[in-house]
Amino acid sequence: MPAASRNTRDRLLATGRYIIAAVSVVAAAGISLLLQEWGVHVFLFAFYAAVVGAAWIGIGPGILAVVLSVLAVQYFFTPPEWSFEVNPEDVPFTGTFIICAIMSLAWSWQRKRTERALQQARDTLDETVQQRTAELVEANAALKIEIVERQAAEEELRRSETLLAQGQKLSHTASWTLQPATGEMRWSAELFDIFETDRGGVFPSFELFRDKVHPDDRVRFDAAVAMAVEGSTNFSCEVRIVLDGGAIRHVHALGEVRADPMREKEVIGTVMDLTDRKRTEQALHDAQAELARTLRLATMAELTASIAHEINQPLAAIVANASACVRFLARGPAALGNAREAADCIVSDGTRAGEVITRIRALLSKQGPRQVAVDINGIIGDVLELLRATLERQRIAIHTDLAASLPPVMGDAVQLQQVLVNLVTNAVEAMSGITGRPRVVTIRSGMDRSSIDQPSIDQPSIKSAGAVLVTVEDTGAGLDPQEIDRIFDSFYTTKPEGIGVGLSISRSIIEAHGGQLSASPALPCGARFSFALPVVKALPEKDRVSAPAVPEQVQELAGSAER
Ligand code: ADP
């Protein structure tokens, strides 16, 4: 309601109250006069009633009622009647009436105030009760929501615990905590499963955990944990676990030390069961070895013609020289000089045949990789000798451009021969369908100081002094630029009878030697394969590193002729 209307209403109400007061007094006077006519003199009570009633509706109307009552009593009921004249002997009466009227006013007003205060207190109480009730209702609702939320959170917690447990089960990864001071541990359910231990039967402890570790791995495990706890660092340790039945499991334990100055040190960690992975790796390794064996047979098959030719030539020469020798000796007198000459030829042809066999044996040798100073030009020469017959048969010209006095590279001669055999064989195959242009394989060697000038990561103690670059180029079908990256993938082949592992194995070998093998299209036609090998300054024997980790299948590939 607007303020103006409220003011008007308040004013009207106030005026109404004064009018009621005046009307009460008039009514009291009227009633008293009427009763007086009938001989009943009770006017004082009527006026008191009017004053009490008026005072009830407000102090202003009450005072007005007192004033009007005094005037009415003076005018109508105090001699001389119907006059305001005051008789001295009536003053006590009038005074008493005024005092009584004022007391009635005060009493009524006081009662009214008390009642109003009481009402206000009641209202306040009601309001407080209502407020409290509302608050309680609100708190109750909040509590209900909280309970629902807590139930949801508990449900969520249960679900995530289940998920975690399932995740741990699926990933074979368990979690644990360790109090290094007491050796107390907490194990997740998965750890009990990995250890194949009954959950209710044991109290997890570091001692128990350690007892499960294979005795041969225990020292390493203890050292890793002790070092982590002392240095407040993380640890990572792969160990074997011996189960109660004696079965072995491979696990990877990881730990993180939590060093809080306010609390005891705590180690939180995981145990990942690698047994299945190891089994899969072993199966993969076996499959790779099998594949390498197949490749070796394929290489052998390709080399058969060369080998036969290489050995046939000296054998034929030996037979011819032996026949000549016999003839020279059968002459009378025997032509000893000629016979000696023929015998010398037999010896040198025999030696040549022996060298061929030695080269083949070296190529197919099953010996592990050996790091020695290798003359790369010598290896190129050996490979060309091996493949000479094949190249001649395919009418492929060989062009070599080999830098003189190249420094040796540190490597395994057999593996590097294998790479070159792969590259040259691929070049031969790429040119098999080519007509109308010369079929040429060009092999170059030289220094390439730009490509490798950092120590190898695999061989950190070997200091590099530039690199030797070897390039095998052909005039064959060439490489599709979009396929260049894929040709090094295992099993990528475009040949109907190809296996697609030659280049991937070659790249592994070169990378294991700290080098790089790359391919690019040759101009105007054909393909170019290059590899750079770091030249190594010889180090004192004590600083020598062991042979680079060459993939197993490569060792298999270089399998022995003895098999
Ligand atoms: P495979 O010889 O069994 O196919 P490789 O790994 O040796 O396996 O070679 C993979 C593929 O790379 C070949 O199938 C061929 O498509 C391509 N490739 C290799 N060398 C050459 C080359 N000199 N010229 C053209 N393509 C080549």
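The following paragraphs examine the structure supplied in this document. Small disclaimer: the values here were computed from a predicted structure and weren't measured. (Residues numbered from 1 in each chain as written. Predicted model: local features only at pLDDT ≥ 70, side-chain atom pairs only at ≥ 80, totals over all residues. Heavy atoms only, no water.)

Topic: the sheet that holds strand β4 (residues 248-258)
Argument step 1. Pairing is antiparallel across the open sheet formed by 5 strands, whose spatial order is β2-β1-β5-β4-β3. Among the strands making up the open sheet, the edge pair consists of β2 (184-187) and β3 (234-242). Neighbour to neighbour, the strand axes of the sheet diverge by 25° on average, direction disregarded.
Argument step 2. Where β4 lies against strand β5 (residues 266-273), 8 bridges are found, and the strand directions are antiparallel. The residue of β5 that forms the bridge with G255 is G269.
Argument step 3. Helix α7 (residues 215-231) rests against β3, β4 and β5 of the sheet, and its axis sits at about 160° to β3. (Pairing = 2+ DSSP bridges. Helix = DSSP H or I, 4+ residues; strand = E, 2+ residues; numbered from the N terminus. Axes fitted to C-alpha atoms, helices over the stretch in contact; angles between N-to-C directions. Contact = heavy atoms within 4.5 Å.)

Looking at the pattern of salt bridges
Side chains that differ in sign of charge can pair as their charged atoms come close.
Argument step 1. The full count for this structure, using the stated rule, is 25 salt bridges.
Argument step 2. In this structure, R111 engages E115 in a salt bridge whose closest nitrogen and oxygen atoms are separated by 3.4 Å. Taken together, the positions of R111 and E115, both in helix α4 (residues 91-171) and 4 residues apart, correspond to about one turn of that helix.
Argument step 3. The salt bridge partner of R132 is E135, with a shortest N-O separation of 3.2 Å. Taken together, the residues span about one helical turn, with R132 and E135 both in helix α4 at a distance of 3 residues.
Argument step 4. Judged by relative accessible area, which is 38%, E135 ranks as partly exposed.
Argument step 5. Residues joined by salt bridges that share partners form a network here, namely K169, E190, D193 and R199. (Salt bridge = Lys/Arg side-chain N within 4 Å of Asp/Glu carboxyl O. Buried < 20%, exposed > 50% of the residue type's maximum accessible area, 1.4 Å probe, protein only.)

Describing the site of the ligand
Argument step 1. The immediate surroundings of the ligand are formed by 19 residues, with D474, T493, T494, K495 and L503 found nearest.
Argument step 2. One of the side-chain nitrogen or oxygen atoms of T493 is found 2.5 Å away from an oxygen atom of the ligand.
Argument step 3. Within the side chain of K495, a nitrogen or oxygen atom sits 2.7 Å from an oxygen atom of the ligand.
Argument step 4. Here the ligand, which alone exposes 540 Å², has 92% of that area covered by the protein.
Argument step 5. When residues of the shell around the ligand are traced back to their parent elements, those giving at least two are α11 (413-430), α12 (502-512) and β12 (527-536).
Argument step 6. The element contributing the most residues to the shell around the ligand is α11, with 3 residues. (Near = heavy atom within 4 Å. Polar contact = N/O pair within 3.5 Å; in protein donor to acceptor, adjacent residues only side chain to side chain. Areas by Shrake-Rupley, 256 points an atom, 1.4 Å probe, with all protein chains shown as cover.)

Some points on the side chain of T471
Argument step 1. Positionally, T471 belongs in strand β10 (residues 464-474).
Argument step 2. Taking the relative accessible area as the measure of exposure, T471 reaches 8% and is therefore buried.
Argument step 3. Discounting chain neighbours no more than four positions away, the residues touching T471 are T442, I443, R444, R528, F529 and S530.

Quick look at unusual backbone geometry
Argument step 1. Omega for the bond connecting P79 with P80 falls within 30 degrees of zero, at -10°, which places this linkage in the cis form.
Argument step 2. For P80, the location among the structural elements is in the loop between α3 (59-77) and α4.
Argument step 3. Here the amide bond leading from L523 into P524 is cis, since omega sits at 0°, within 30 degrees of zero.
Argument step 4. Positive phi values are uncommon outside glycine, yet E196 reaches one of about 50°.
Argument step 5. One can find E196 in the loop between α5 (189-194) and α6 (206-212).

Quick word on the packing of helix α1 (residues 3-37) against α3
In helix packing, the relevant descriptors are the interaxial angle and the interaxial distance, both defined with respect to the helix axes.
Argument step 1. Where α1 contacts α3, the axes come no closer than 9 Å and their chain directions differ by 25°. What the angle tells us is that α1 and α3 run roughly parallel. Here α1 runs over α3; the crossing is right-handed. On α3, the residues that touch R17, Y18, A21, A22, V25, A29, S32, L33 and Q36 of α1 are G60, P61, L64, A65, L68, S69, F76 and F77.
Argument step 2. When its residues are assigned to classes, the contact of α1 with α3 shows 12 nonpolar, 4 polar and 1 charged. (Parallel < 35°, antiparallel > 145°, perpendicular 65-115°, else oblique. Left-handed = near helix turned anticlockwise from the far one by under 90°. Nonpolar A, V, L, I, M, F, W, Y, C, P; charged D, E, K, R; others polar.)

Here's the deal with α1
Argument step 1. Spanning 35 residues, α1 covers 51 Å between terminal C-alpha atoms, matching the ideal 51 Å at 1.5 Å per step.
Argument step 2. If you check which residues of α1 are buried, you get A21, V25, A28, A29 and S32.
Argument step 3. G39 occupies a position one or two residues after α1 and carries a positive phi of about 90°. (Expected span 1.5 Å × (residues − 1).)

A look at a nonpolar patch on the surface
Argument step 1. On the surface, a cluster of nonpolar side chains totalling about 430 Å² of accessible area is made up of I59, I63, V67, L71 and F84.
Argument step 2. Looking at where V67 falls in the secondary structure, it is placed in helix α3. (Patch = residues over 30% accessible without salt bridge, like charges linked within 9 Å, V, L, I, M, F, W, Y side chains within 5 Å.)

Some details on the pairing of β3
Argument step 1. Side chains F235, C237, V239 and I241 project from β3 onto a buried face, and the interleaved N234, S236, E238, R240 and V242 project onto a face without burial.
Argument step 2. As judged from the 9 bridges shared by β3 and β4, these two strands associate in the antiparallel manner. In the sheet register, F235 faces β4, and the bridge partner there is G255.
Argument step 3. Here β3 hands over to β4 after 5 residues, with G246 in that stretch at a positive phi of 100°.

Some points on the packing of aromatic side chains
Argument step 1. Inspection of the entire model under this criterion finds 17 aromatic pairs.
Argument step 2. Each ring, one from W187 and one from F195, has its centre 5.2 Å from the other, and the planes form 80°; the classification is edge-to-face.
Argument step 3. Seen from the ring of F488, R507 lies directly overhead, with NZ or CZ sitting 3.8 Å from the centre. (Phe/Tyr/Trp six-rings, centres within 6.5 Å; stacked < 30°, edge-to-face > 60°. Lys NZ or Arg CZ within 6 Å of the ring centre and 35° of its normal.)

Here's the deal with the environment of A413
Argument step 1. Summarising the element assignment, A413 is placed in helix α11.
Argument step 2. Residue class for A413 comes out partly exposed when judged on its relative accessible area of 29%.
Argument step 3. The residues touching A413, leaving out its near neighbours within four places in the chain, are V374 and I379.

Concerning the side chain of S205
Argument step 1. Inspection of the secondary structure assignment puts S205 in the loop between α5 and α6.
Argument step 2. Separated by 3.1 Å, the side chain of S205 and the backbone nitrogen of L208 make a polar contact.
Argument step 3. If sequence neighbours within four positions are ignored, S205 has contacts with G183, M185 and W187.

So, the nonpolar core
Argument step 1. Within the largest apolar cluster, 43 residues are counted, with the highest numbers of intra-cluster contacts made by I376, F529 and F531.
Argument step 2. Taken together, the elements giving at least two residues each to this core come down to α10 (376-393), α11, β9 (440-447), β10, α12, β11 (516-521) and β12.
Argument step 3. Top contributing element to this core by residue count: α11, with 8 residues.
Argument step 4. If near-sequence neighbours (up to four positions away) are discounted, F529 is found in contact with L423, V470, T471, V472, L479, I487, F488, L503, S518 and A519.
Argument step 5. L178, A228, I241 and V271 belong to the second largest nonpolar core, which has 27 residues in total. (Core = buried A, V, L, I, M, F, W, Y, C linked by side-chain atoms within 4.5 Å.)

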